[in-house]
Amino acid sequence: MAHDRTIPDRSESATWLASQLARGFTRALHARAAKLGFSPGQFPILIELWEEEGLTQRQLLDRVDVEQATIANTLARMERDGLIERRVHPTDKRAQQIFLTAKARDMREEALAAADEAEQAVFRGFRRFEKELLKEYIRWAIANARKL
């Protein structure tokens, strides 16, 4: 079967580039996070709970914007690792609220510093305005993607 379209160079694909950038951030954060007792995939949930504890799984799902199965598995690992605890919602007995443990609360500053270090490693050599411009373009693309 003949194909009319040639496969483009991957380095010209924004989708491929974005996935590589995400993988780079994950690699940069992984070692730093492991020393503190969390994984890069747990970091967005920790950020949300550091801002506001007592969220339900549904609220976290909406804020973190991942699949239901992904968040359920991540929360189960976080509970196993002693980072969160679940409590029955006071007004909706079907729902559970998610709270940080003291361990997770205590790692906040070091975890945020680790994320900053990971970002600095990925953006090494960028001038400040180049980094800010790239982040603005990424925010723009994300906003467009959320409309799909």
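This is a predicted model, so every value here is computed, not measured. (Residues numbered from 1 in each chain as written. Predicted model: local features only at pLDDT ≥ 70, side-chain atom pairs only at ≥ 80, totals over all residues. Heavy atoms only, no water.)

## Quick notes on a nonpolar patch on the surface
Short version of the rule: For patch building, the residue pool is restricted to those with more than 30% relative accessible area and no salt bridge; the joining distance is 9 Å between like charges and 5 Å between nonpolar side chains (Val, Leu, Ile, Met, Phe, Trp, Tyr). Here the accessible surface of atoms and residues is derived via Shrake-Rupley with a 1.4 Å probe, and residues count as covered only by protein chains that are part of the display. Criterion for a salt bridge: a side-chain nitrogen of Lys or Arg within 4 Å of a carboxyl oxygen of Asp or Glu. We count a stretch as a helix when DSSP gives it H or I for four or more residues in a row; a strand needs E for two or more, and each element gets its number in order from the N terminus.
Judged by side-chain polarity, Leu 133, Tyr 137 and Trp 140 come together as a nonpolar surface patch covering roughly 350 Å² of accessible area. Here Leu 133 shows up in helix α7 (residues 128-146).

## Focus: the nonpolar core
For clarity, the cut-off: Throughout this description, the term nonpolar core refers to a set of buried Ala, Val, Leu, Ile, Met, Phe, Trp, Tyr and Cys residues connected via side-chain atoms within 4.5 Å. When accessible area is computed with a 1.4 Å probe and restricted to protein chains, residues below 20% of their type maximum are described as buried, those above 50% as exposed, and intermediate ones as partly exposed. Residues count as neighbours in contact if any of their non-hydrogen atoms are within 4.5 Å of one another.
Formed by 27 residues in total, the largest nonpolar core has its most connected members in Phe 38, Ile 45, Leu 46, Leu 49, Leu 60 and Leu 75. Mapped onto this core, the elements with two or more residues apiece are α1 (14-36), α2 (43-51), α3 (57-64), α4 (68-80), β3 (96-100) and α6 (108-122). Non-local contacts of Leu 46, meaning those with residues more than four positions away in its chain, are made with Phe 38, Met 78, Leu 100, Ala 104 and Met 107.

## Comments concerning the pattern of salt bridges
Under the counting rule described, the total for this entry stands at 16 salt bridges. Close ionic contact of Arg 32 with Glu 117 constitutes a salt bridge, the shortest N to O distance being 3.3 Å. In this pair, Arg 32 sits in helix α1 while Glu 117 sits in helix α6, placing the two residues 85 residues apart along the sequence. When its relative accessible area of 27% is taken as the criterion, Arg 32 is described as partly exposed. The closest approach of N and O atoms between Arg 139 and Glu 136, which form a salt bridge, is 3.0 Å. Placement of both Arg 139 and Glu 136 in helix α7 is noted, with a separation of 3 residues, approximately one turn of the helix. Take Arg 139: its relative accessible area is 45%, and that puts it in the partly exposed class. When salt bridges with common partners are traced through the structure, they connect Glu 119, Lys 131, Glu 132 and Lys 135 into a single cluster.

## A look at the sheet that holds strand β2 (residues 84-88)
Here is the rule: Strands pair, by our definition, only if DSSP identifies at least two bridges between them. Think of each axis as a best-fit line through the C-alpha atoms, taken over the contacting stretch in the case of a helix, with angles from 0 to 180 degrees between the N-to-C directions.
Reading across the sheet, the 3 strands line up as β1-β3-β2 and stay open at both edges, with antiparallel pairing between neighbours. Either end of the sheet is taken by a strand with one partner, and the two such strands are β1 (55-56) and β2. Sheet topology note: the β1/β3 ladder contains 2 bridges and is antiparallel. Across the sheet, Thr 56 pairs through a bridge with Gln 97, a residue of β3. Each of β2 and β3 touches α4; the most contacted strand, β2, lies at about 110 degrees to it.

## Side note on the packing of aromatic side chains
Selection rule: Stacked, edge-to-face and tilted are the three classes for Phe, Tyr and Trp ring pairs, Trp counted by its six-membered ring, which pair at centre distances within 6.5 Å; planes under 30 degrees apart are stacked, over 60 edge-to-face, the rest tilted.
Tallied over the full model, the rule gives 5 aromatic pairs. Residues Phe 25 and Phe 123 carry aromatic rings whose centres are separated by 5.8 Å and whose planes lie at 65 degrees to one another, so their mutual orientation is edge-to-face. Of this pair, Phe 25 sits in helix α1 while Phe 123 sits in the loop between α6 and α7, and the two are 98 residues apart along the sequence. With relative accessibility at 26%, the residue Phe 25 sits in the partly exposed group. Pairing Phe 123 with Phe 126 gives two aromatic rings, centres 5.1 Å apart and planes at 80 degrees, and the pair type is edge-to-face. By relative accessible area, Phe 123 is classed as buried at 6%. Residue Phe 126 is classed as partly exposed on the basis of its relative accessible area, which comes to 38%. Taken together, the ring pairs in this structure connect Phe 25, Phe 123 and Phe 126 into an aromatic cluster.

## Here we look at the confidence of the model for the chain
The criterion, for reference: Residue-level confidence of the predictor is summarised by pLDDT, bounded by 0 at the bottom and 100 at the top.
When pLDDT is averaged along the chain, the result is 91, and 98% of the positions lie at 70 or above. Mean pLDDT across the elements of the chain ranges from a minimum in α1, with 91, to a maximum in helix α5 (residues 102-106), with 97.

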